[in-house]
Amino acid sequence: MNTHKTYRSALILGAKPLHRLTAAVGVASLGLFAGQAHAQESVEERLSALEQQLAEVEPHAKGEQGFSFNTYARSGLLLNSDGKSAPGGPYLTPAGSVGGAVGRLGNEPDTYLEAILNYKTVADNGTKAHYRLMIADATTSSNDWTADDGALNVRQAYVQFSNLASFTGIFEDASIWAGKRFDRDLDFDIHWLDSDIVFLGGTGAGIYDVTFSESVTSNFSFYGRSFLDFPSDPTTTDGTSDTDNLILTANNYFGNVEWLISGMSAADNDERIVNGVMEAADTGVHTMLAYHGDSFFGLSDGSFKVALLHGQGLGAEVKNIGADGNLHEDAASTRIAAYGTTRLGDSWRIAPAIMAETSKDRYVEGDEYQWLTFNTRLANELGANFEMQYEASWQVMDLQTEGYEGRGDVDGDYARFTIAPTFKPQVGGFWNRPEIRVFATYSTWDDELNRYDGGDALGQEDFGGSQWTFGTQMEVWF
Amino acid sequence: MNTHKTYRSALILGAKPLHRLTAAVGVASLGLFAGQAHAQESVEERLSALEQQLAEVEPHAKGEQGFSFNTYARSGLLLNSDGKSAPGGPYLTPAGSVGGAVGRLGNEPDTYLEAILNYKTVADNGTKAHYRLMIADATTSSNDWTADDGALNVRQAYVQFSNLASFTGIFEDASIWAGKRFDRDLDFDIHWLDSDIVFLGGTGAGIYDVTFSESVTSNFSFYGRSFLDFPSDPTTTDGTSDTDNLILTANNYFGNVEWLISGMSAADNDERIVNGVMEAADTGVHTMLAYHGDSFFGLSDGSFKVALLHGQGLGAEVKNIGADGNLHEDAASTRIAAYGTTRLGDSWRIAPAIMAETSKDRYVEGDEYQWLTFNTRLANELGANFEMQYEASWQVMDLQTEGYEGRGDVDGDYARFTIAPTFKPQVGGFWNRPEIRVFATYSTWDDELNRYDGGDALGQEDFGGSQWTFGTQMEVWF
Amino acid sequence: MNTHKTYRSALILGAKPLHRLTAAVGVASLGLFAGQAHAQESVEERLSALEQQLAEVEPHAKGEQGFSFNTYARSGLLLNSDGKSAPGGPYLTPAGSVGGAVGRLGNEPDTYLEAILNYKTVADNGTKAHYRLMIADATTSSNDWTADDGALNVRQAYVQFSNLASFTGIFEDASIWAGKRFDRDLDFDIHWLDSDIVFLGGTGAGIYDVTFSESVTSNFSFYGRSFLDFPSDPTTTDGTSDTDNLILTANNYFGNVEWLISGMSAADNDERIVNGVMEAADTGVHTMLAYHGDSFFGLSDGSFKVALLHGQGLGAEVKNIGADGNLHEDAASTRIAAYGTTRLGDSWRIAPAIMAETSKDRYVEGDEYQWLTFNTRLANELGANFEMQYEASWQVMDLQTEGYEGRGDVDGDYARFTIAPTFKPQVGGFWNRPEIRVFATYSTWDDELNRYDGGDALGQEDFGGSQWTFGTQMEVWF
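Quick summary incoming for the structure in this document. (Residues numbered from 1 in each chain as written. Chains lettered and ligands numbered in written order. Predicted model: local features only at pLDDT ≥ 70, side-chain atom pairs only at ≥ 80, totals over all residues. Heavy atoms only, no water.)

Describing the overall build of chain A
Point 1. A count of helices and strands for chain A gives 3 helices and 18 strands.
Point 2. Its C-alpha atoms give chain A principal-axis dimensions of about 95 × 55 × 50 Å.
Point 3. For chain A, buried positions account for 60% of its 478 residues.
Point 4. Taking all contacts inside chain A whose residues are at least 6 apart in sequence as the whole, residues at least 24 apart take part in 60%.
Point 5. Accessible area for chain A stands at about 16,800 Å²; split by element, carbon and sulfur atoms hold 54% of it.
Point 6. With 32 positive and 67 negative side-chain charges, chain A shows a spacing of 9 Å between the two charge centroids. (Helix = DSSP H or I, 4+ residues; strand = E, 2+ residues; numbered from the N terminus. Buried < 20%, exposed > 50% of the residue type's maximum accessible area, 1.4 Å probe, protein only. Contact = heavy atoms within 4.5 Å. Areas by Shrake-Rupley, 256 points an atom, 1.4 Å probe, with all protein chains shown as cover. Lys, Arg positive; Asp, Glu negative; His and termini not counted. Charge placed at Lys NZ, Arg CZ, Asp CG, Glu CD.)

Some words on the relation of the copies chain B and chain C
Point 1. Each copy superposes on the other: chain B lies on chain C with an RMSD of 0.0 Å after a rotation of 120° and an axial shift of 0.0 Å. Put plainly, the chains are arranged around a three-fold axis. Within chain B, the C-alpha atom positioned nearest to the axis of rotation is that of alanine 61 of chain B, 3.2 Å from it. (Least-squares fit on C-alpha atoms with pLDDT ≥ 70 in both.)

Some words on the side chain of glutamate 58 of chain A
Point 1. Structurally, glutamate 58 of chain A can be placed in helix 3 (residues 36-61).
Point 2. Owing to a relative accessible area of 3%, glutamate 58 of chain A belongs among the buried residues under this scheme.
Point 3. Side chain to side chain, glutamate 58 of chain A and glutamine 53 of chain B meet in a polar contact 3.2 Å long. (Polar contact = N/O pair within 3.5 Å; in protein donor to acceptor, adjacent residues only side chain to side chain.)

Side note on a nonpolar patch on the surface
All names here are of chain A.
Point 1. On the surface, Phe254, Trp259, Ile261, Leu289, Leu308 and Ile336 cluster together into a nonpolar patch covering about 530 Å² of accessible area.
Point 2. With respect to the element layout, leucine 289 can be found in strand 10 (residues 283-293).
Point 3. Exposure remark for leucine 289: the relative accessible area of 47% places this residue in the partly exposed category. (Patch = residues over 30% accessible without salt bridge, like charges linked within 9 Å, V, L, I, M, F, W, Y side chains within 5 Å. Salt bridge = Lys/Arg side-chain N within 4 Å of Asp/Glu carboxyl O.)

Focus: the packing of aromatic side chains
Point 1. With the rule as written, the count across this model stands at 87 aromatic pairs over all chains.
Point 2. Relative to phenylalanine 304 of chain B, the ring of tyrosine 291 of chain B has its centre 5.6 Å away and its plane inclined at 25°; by these criteria the two rings are stacked. Here tyrosine 291 of chain B, found in strand 10 (residues 283-293), pairs with phenylalanine 304 of chain B, found in strand 11 (residues 303-313); they are 13 residues apart in sequence, far enough to count as distant.
Point 3. Exposure remark for tyrosine 291 of chain B: the relative accessible area of 31% places this residue in the partly exposed category.
Point 4. Positioned over the ring face of phenylalanine 188 of chain A is lysine 305 of chain A, at 5.2 Å from the centre of the ring. (Phe/Tyr/Trp six-rings, centres within 6.5 Å; stacked < 30°, edge-to-face > 60°. Lys NZ or Arg CZ within 6 Å of the ring centre and 35° of its normal.)

Looking at the relation of the copies chain C and chain A
Point 1. Once turned by 120° and shifted 0.0 Å along the axis, chain C lies on chain A with an RMSD of 0.1 Å.
Point 2. When the interface residues of chain C are mapped onto chain A, a mere 20% of them are again interface residues, pointing to distinct binding faces.

So, the environment of valine 198 of chain B
Residue and element names in this part refer to chain B.
Point 1. Considering the arrangement of structural elements, one finds valine 198 in strand 6 (residues 195-213).
Point 2. Owing to a relative accessible area of 0%, valine 198 belongs among the buried residues under this scheme.
Point 3. On a C-alpha basis, the gap between valine 198 and alanine 281 in space is 21 Å, while along the polypeptide they are 83 residues apart.

Here we look at the interface of chain B and chain C
Point 1. Taken together, the contacts link 85 residues of chain B with 83 residues of chain C.
Point 2. The three residues of chain B that bury the most area against chain C are Glu51, Asp144 and Trp145 of chain B, which together make up 10% of that side's buried surface.
Point 3. The tally of links from chain B across to chain C stands at 6 salt bridges.
Point 4. One can count 24 residue pairs in polar contact (both at pLDDT 80 or more) joining chain B with chain C.
Point 5. Elements represented by at least two residues in the side of chain B that touches chain C include exactly helix 3 (36-61), strand 1 (66-80), strand 2 (111-122), strand 3 (128-139), strand 5 (175-190), strand 6, strand 17 (435-445) and strand 18 (466-477) of chain B. (Buried area = accessible area lost by both parts, 1.4 Å probe.)

Points about the side chain of lysine 180 of chain C
Point 1. The topology assignment puts lysine 180 of chain C in strand 5 (residues 175-190).
Point 2. Polar contacts involving the side chain of lysine 180 of chain C include one to the main-chain carbonyl oxygen of serine 141 of chain B, which spans 2.9 Å.

Let's talk about unusual backbone geometry
All names here are of chain A.
Point 1. Geometrically, the link from arginine 433 to proline 434 is a cis peptide bond, its omega value of 5° lying close to zero.
Point 2. Tracing the backbone shows proline 434 in the loop between strand 16 (410-423) and strand 17 (435-445).
Point 3. Located in the positive-phi region is glutamate 405, a residue other than glycine, with phi close to 55°.
Point 4. Its location among the elements puts glutamate 405 in the loop between strand 15 (386-400) and strand 16.

Things to note about a negative patch on the surface
Point 1. Taken together, the side chains of Asp82, Glu461 and Asp462 of chain A together with Asp270, Glu271, Glu329, Asp330 and Glu365 of chain B define an acidic patch exposed on the protein surface.
Point 2. For glutamate 461 of chain A, the position within the fold is in the loop between strand 17 and strand 18 (466-477).
Point 3. Under the relative-accessibility criterion, glutamate 461 of chain A is labelled exposed at 73%.

Topic: the interface of chain C and chain A
Point 1. In this assembly, 85 residues from chain C lie in contact with 84 residues from chain A.
Point 2. Taken over both partners, the interface formed by chain C and chain A buries close to 7,000 Å², and the fraction arising from carbon and sulfur atoms is 62%.
Point 3. Three residues stand out in chain C for area buried against chain A, namely Glu51, Asp144 and Trp145 of chain C, and they jointly supply 10% of the buried area on that side.
Point 4. Taken together, chain C and chain A are joined by 6 salt bridges.

Description of the pattern of salt bridges
Point 1. Counted under the stated rule, the structure contains 92 salt bridges over all chains.
Point 2. Where aspartate 144 of chain A meets arginine 225 of chain B, a salt bridge forms, and the shortest distance between an N and an O atom there is 2.9 Å. Residue aspartate 144 of chain A is located in the loop between strand 3 (128-139) and strand 4 (153-162), and its partner arginine 225 of chain B is located in strand 7 (residues 216-231); the two belong to separate chains.
Point 3. Owing to a relative accessible area of 4%, aspartate 144 of chain A belongs among the buried residues under this scheme.
Point 4. Take arginine 225 of chain B: its relative accessible area is 10%, and that puts it in the buried class.
Point 5. Close ionic contact of aspartate 209 of chain C with arginine 184 of chain C constitutes a salt bridge, the shortest N to O distance being 2.8 Å. In this pair, aspartate 209 of chain C is assigned in strand 6 (residues 195-213) and arginine 184 of chain C in strand 5, connecting sequence segments 25 residues apart.

Some words on the pairing of strand 1 (residues 66-80) of chain A
Strand residues, when the strand is regular, have side chains that alternate between the two faces of the sheet.
All names here are of chain A.
Point 1. For strand 1, the buried fraction is high: 15 of the 15 residues fall into the buried class.
Point 2. The pairing of strand 1 with strand 18 spans 9 bridges and is antiparallel. Following the sheet pairing, asparagine 80 is matched in strand 18 by threonine 469. (Pairing = 2+ DSSP bridges.)

Shown next, in the form of structure tokens:
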């Protein structure tokens, strides 16, 4: 394989001689022996040299130019009352298989992390370039050597240009990008459910911030995603095919209102075999109408977001746009999502959230999936470094699968409640991280939910009915 | 999978406008035209601005705040006299299977590395937070593309808080942490054997430096480790189970004396099948008494450490606490370890070490493992960048396995001697790195040792009796 | 496994108290209250302190000391006219299997990246040390989670010393290194073909820049490469063996002329079974004569390089020295490579290239491989951030394989032409990166080429005859 290519000449960083420094030191030495008038002059020169030199150094030290590092990470233990790892994760219920998350506090069994390496440059003409590499890993092993259990992989590798010297008019503030990435704007979430409201990622190119007026801007993008190794030969189980799902989006802002419209096409995906027949979608449409509020639903200080999403065909996976190739050609999904954050007095914060979806003909003609999740995170600030956090979740679901992937029909509800004493460097908001927490959780659900799937968490040995779980976790982002 | 979560708002680093700099430059310009009194004033302001600005930049440049990078790495060739890779590693003898290391100089066939990415912050209230990510790899392939042979994985991902604003009394100097990590203190070694004296790693949480008095401090920690995919069905070889080994430790310091006590429990590990029967331990205790000396055994300048370790049940793996789930319920191990470093005249350094262990009923009732290793590293400093290094190892062992894992009983000894011309940036101590070395090694052992195990190095084709090996290696840490 | 070893004491960076800063601030405060004479003195001291402090900080911020980050990366989509991923890559033709690359513009289907983490130190005696770690990944999946499809691995981990305090005479300017690496000098390429002219990588040690006179310098190196898991048992297909290919090189410069000579030996590689018989080479020689021009072939401003390479036995893979263990003991290859870059007027740049090889008895006695590639990259600079790029490639080949690896004989030619509108932060040269491009490509070839190999791109379903392909890509290095 001849894939490598390094550029030594380009790698010789910092080859620029330190003329400025040398000059400054020379002037400084001179100043010691010169008369007061000359010394005054040299002080001026030395100050100017220092100021200029420091102005060049500072952006590097602060990550505005050159290298910088960002992270999301969590790691901890989730144990049942026997002291063994418990199944967990926000998607552990039957509804989780179609995106119905429940609360994450005290419900995460894994070490998951994203290491983001940035490199930023500014050209002489003022054009800025930003290269971003994200390496991520996920494992449920608690061991310190996870070569067999880990999943290190590259999730992002893209370049973005901004402040382009030659861009004018509606493009004056625009940025362009290409590579593999999470979309800049189509990646916002209800944190407490570990569920994006919408997520778009893949490999492609696009333009951000085409500015039609002060309050009207648009982003346009073209993403490809790979549908890999799906069954496509009706006579055997071995025959597999690949294709690409190509997604075109226009994401438009009118003040606080966001309207996203996407179309997608995956050539020959209709040859995919799902549940024994070939009726998979090869095209799809997706749209989202969202409002980004700067108060708590107009009631108090805080924030809120609401979104209404609808998709058809390949667009019927309304959260992860274009990521599910098993969707039926007649699939149709509608989802609402909303959350807000505000303060209740000086030391309490509250963040209620709701998410619900209905979808039909999703994977098999005649199937129907309906679920709704209520969630509330509550925090009581008790000191400079300590707060009590509480989270309650309730989910109701009615899933009629038509036997897709051997899943049974279920109709029932699930509830969980967590209490988590939490340490953080500085108490003061829902987004302050890192956090170190311990927690205890009680969860309970209808027995019927255990019948959905042999593969999911509910109904596993030692995990039927109702459960106490315990653990500790860190969470960090910067 | 919905594992990702980045926080764009949190990712916008360096958004703070450079007001201070602008101000300083403004004052500077003013100074050029103002009278002397005013100029004097502006010089004062500009100096203060520069000093403040530099005081903010400097910790970022030096890795005290923001990102910093640490490493341990080694990479080299280990060749036999035919010019082919030779088996090697400090654990290549039969005793190595139960922790009996021999010297590492000229005995390492691999590229092993740890890349450590740190990110440090200081909150407004003074609380410090440190996120650490360690990615590691190990391979014996000499090639530059090792996607099939490498083992890249995440060994650490944790957060630690110190200088907590709200901690007082015995907790004033305490640090707390959670995540996946190597314990801060329970990770010290006899470098020349590549053997820790004690090592504790896994996923959990803890507190360091609870200070009872000036000389009495304690650390408390709770770690989980995963016992994965062990056989547990006596009727087939397929049935496997998982459990967690939960380890509680108190690590106490009385001046130079360290006393560690640990208990551990792995629910249902007694269902594990070892050598055909179910007698594996599901609990364990472990203790270590150590002395960290600041002289060479009181005889001369230098350093020394001695440690006595004992463990039972799951604690009978006395070095890697809680890492071996095959241990018998009656297993008992006792180990001593000691080393020191000192100078012999101006240009010679010496570091003798000893490690020995006896264990009974380790994996199978009635087995018995005894081994002892003597090792001495000697260095002769011959220039600013060059020294000759020598290492001699002798190991004697008597291993009665009761047929565990098909291993034969062996009783014999092993010796090796290495000479290694070594380059380093600055000669002057055992811990100065990086080093670039070439080496030649002679090793010899009793033929009987070849019979221990078909899988270990001794007795492999071209590797029986006595051996010359050669090679080159770099070693670095920072 | 006992592979880890971190050195906490070494990890405590930045422990040095900020005495200098404290002193400077103290003096500053004093200055506010002191008389003018004293203030003048304190200004001098404060300036000196700032200058010294900044002189220490600056190399860290600029990557001259401490950590720095380098990258090569590309990522994009390559689609056929049905909107599905097309096969691609510079080595997609039959000649590609023996190194015959065609143009890369609009011909790369993958995300490939190299993340290079450097750490540089300067000892008190002036000796410099540079540790370099390179992690790389390659995947053709467009998805943002590629744990199953990616190939993250470590390609380099080495240490290099320069400015050695004790080196004098012809070694005064020499650097020494050990570890796993790409050779510093034996890694230069024809960028537009994604083909090195020569590449040497592996694990070993060496010395650079032994300076015999102002214009005569030499590098000497010893590299090992692993030949892994090759078939060696004539009675079964299961028996495999390993060996090491050890390569000794002398790379000599006489002004602009470079003469490289290498010998290599792989013990027992003659036991390898290739095409059913054991005639693989176990030794080899390789040589290259190259000229590095600082004009466009003496005709105009620009650059050019020409190289003539020849190898026999294991040296007959003339580009990737010592990397192919299947070569026949009588294998002989000769290759020429040349390219240049220059300007055609103010806004046009051109870079023509040629590469051709003939080899005999390469893998099987009597086989014969001949191919020649012409390539030209042309760029038309149309604005501060925009240029049109064009690339044309023509390749002719005559490959007589004697049935090696089931490949058929082919004789024919291949042509491709790409047009690529390209954005970059600053237009101005062939080496300016990053670039964001879209492209359309037409390629056509003799039907006969489809018969070479069931595994290569040409002749795959939907990829016979002639093709239009389209896509977008970013490319970056720094």
